[in-house]
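# Remarks on the overall topology
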Amino acid sequence: MIIGITGGIGSGKSTIAKQLRTMGYAVYDTDSEAKRLIVEDAHVRQQIEQLFGSEVYKDGVYQTALVAQRVFADHSLLAQLNAIVHPAVKADIMCWAQKINHATPCFVECAILYQAGFDSLCDKVVAVTAPEEIRLERVMKRDSSTIEKVRARMRAQETENDIPRADILINNNGKTPISTLCKEIINQL
């Protein structure tokens, strides 16, 4: 059984995923795996170089800041980049899931689970929520960022509309221990 974990920035989905790993569950982190594929997958690299030019891999290092600057200035470039990366991540999730012991649930953590189409791989989806003030505080502290920048990232993700689509809703308002929230997820499954 593949369970998607989604939620907006600062909701605590990564903290939930980390705890699930500690509990012995397999968790696929789409952010870190996408970064790995961007560097290691030759086909993905080739497509990204065609889109952004050879300077995107300076001395073999992916130029994240350069790409971010360009995609935020031109949203069609972001769509093209996603059209390269998302299918590669989806294929990687499928390969990963085939190697997992299916007697226990495994989890796919992704902020944009529905937007990327990864929900189609999931048997169930868990949405992690938290009040906006708590999310803002968490991200500003974690990233040493300003409230304006965090709000802009929240708007860019637009994940709040996905909450009603989830099978399980977890409110991570900071009052309930993460281990208890994870046990609640397992019990609901």
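This part covers the packing of helix α3 (residues 42-52) against helix α5 (residues 75-98). Where α3 contacts α5, the axes come no closer than 10 Å and their chain directions differ by 175°. When the axes of α3 and α5 are compared, the pair comes out roughly antiparallel. Of the residues in α5, those in contact with Val-44, Gln-47, Ile-48, Leu-51 and Phe-52 of α3 are Leu-77, Gln-80, Leu-81, Ile-84, Val-85 and Ala-88. Here the residues of the contact of α3 with α5 sort into 9 nonpolar, 2 polar and no charged.

This paragraph deals with the nonpolar core. Ranked by size, the top nonpolar core spans 35 residues in total, and within it Ile-48, Phe-52, Tyr-62, Leu-81 and Val-89 carry the most contacts. Of all elements in the fold, only α2 (30-40), α3, α4 (64-73), α5, β5 (106-109), α6 (113-116) and β6 (124-129) reach the threshold of two or more residues within this core. The element that contributes the greatest number of residues to this core is α5, accounting for 9 residues. Beyond its immediate chain neighbours, meaning those up to four positions away, Tyr-62 contacts Ile-38, Val-39, Ile-48, Val-56, Tyr-57, Val-67 and Leu-81. Residues Ile-5, Val-27, Ile-170 and Cys-182 belong to the second largest nonpolar core, which totals 16 residues.

With 97% of its residues at a pLDDT of at least 70, the protein chain reaches an overall mean of 91. Taken element by element, the predicted model of the protein chain shows its lowest mean pLDDT in helix α8 (residues 147-157) (77) and its highest in strand β2 (residues 27-29) (97).

Let us look at unusual backbone geometry. The backbone phi angle of Asp-59 is positive, close to 55°, even though this residue is not glycine. Mapped onto the secondary structure, Asp-59 falls in the loop between β3 (57-58) and β4 (61-62). Classification of Asp-59 by relative accessible area gives exposed; the value is 75%.

What counts and how
Within any chain, residue numbers begin from 1 and follow the written order of that chain's sequence. At least 70 in pLDDT is required for a residue's local features to be given in this predicted model, at least 80 for side-chain atom pairs to be given and counted, and no such filter applies to totals for whole chains, interfaces and linings, which use all residues. Heavy atoms throughout the structure, all of them, feed into the side-chain values; hydrogens and water do not. Here, axes are lines fitted to C-alpha atoms. For helices the fit covers the stretch in contact, and angles between N-to-C directions go from 0 to 180 degrees. Strands are runs of DSSP state E lasting at least 2 residues, helices are runs of H or I lasting at least 4, and numbering of each runs from the N terminus. An angle below 35 degrees is read as roughly parallel, one above 145 as roughly antiparallel, one from 65 to 115 as roughly perpendicular, and any other as oblique. Residue contacts follow a heavy-atom distance rule, with two residues in contact if any of their heavy atoms lie within 4.5 Å. Under the convention adopted here, Pro, Cys and the residues Ala, Val, Leu, Ile, Met, Phe, Trp and Tyr are nonpolar, Asp, Glu, Lys and Arg are charged, and Gly plus all remaining residues are polar. Only buried Ala, Val, Leu, Ile, Met, Phe, Trp, Tyr and Cys residues count toward a nonpolar core, and they belong to the same one when joined by side-chain atoms within 4.5 Å. Relative accessibility under 20% of the residue-type maximum defines a buried residue, over 50% an exposed one, and the middle range a partly exposed one, all with a 1.4 Å probe and only protein chains included. Each residue gets a pLDDT score, which is the predictor's confidence in that residue and runs from 0 to 100.

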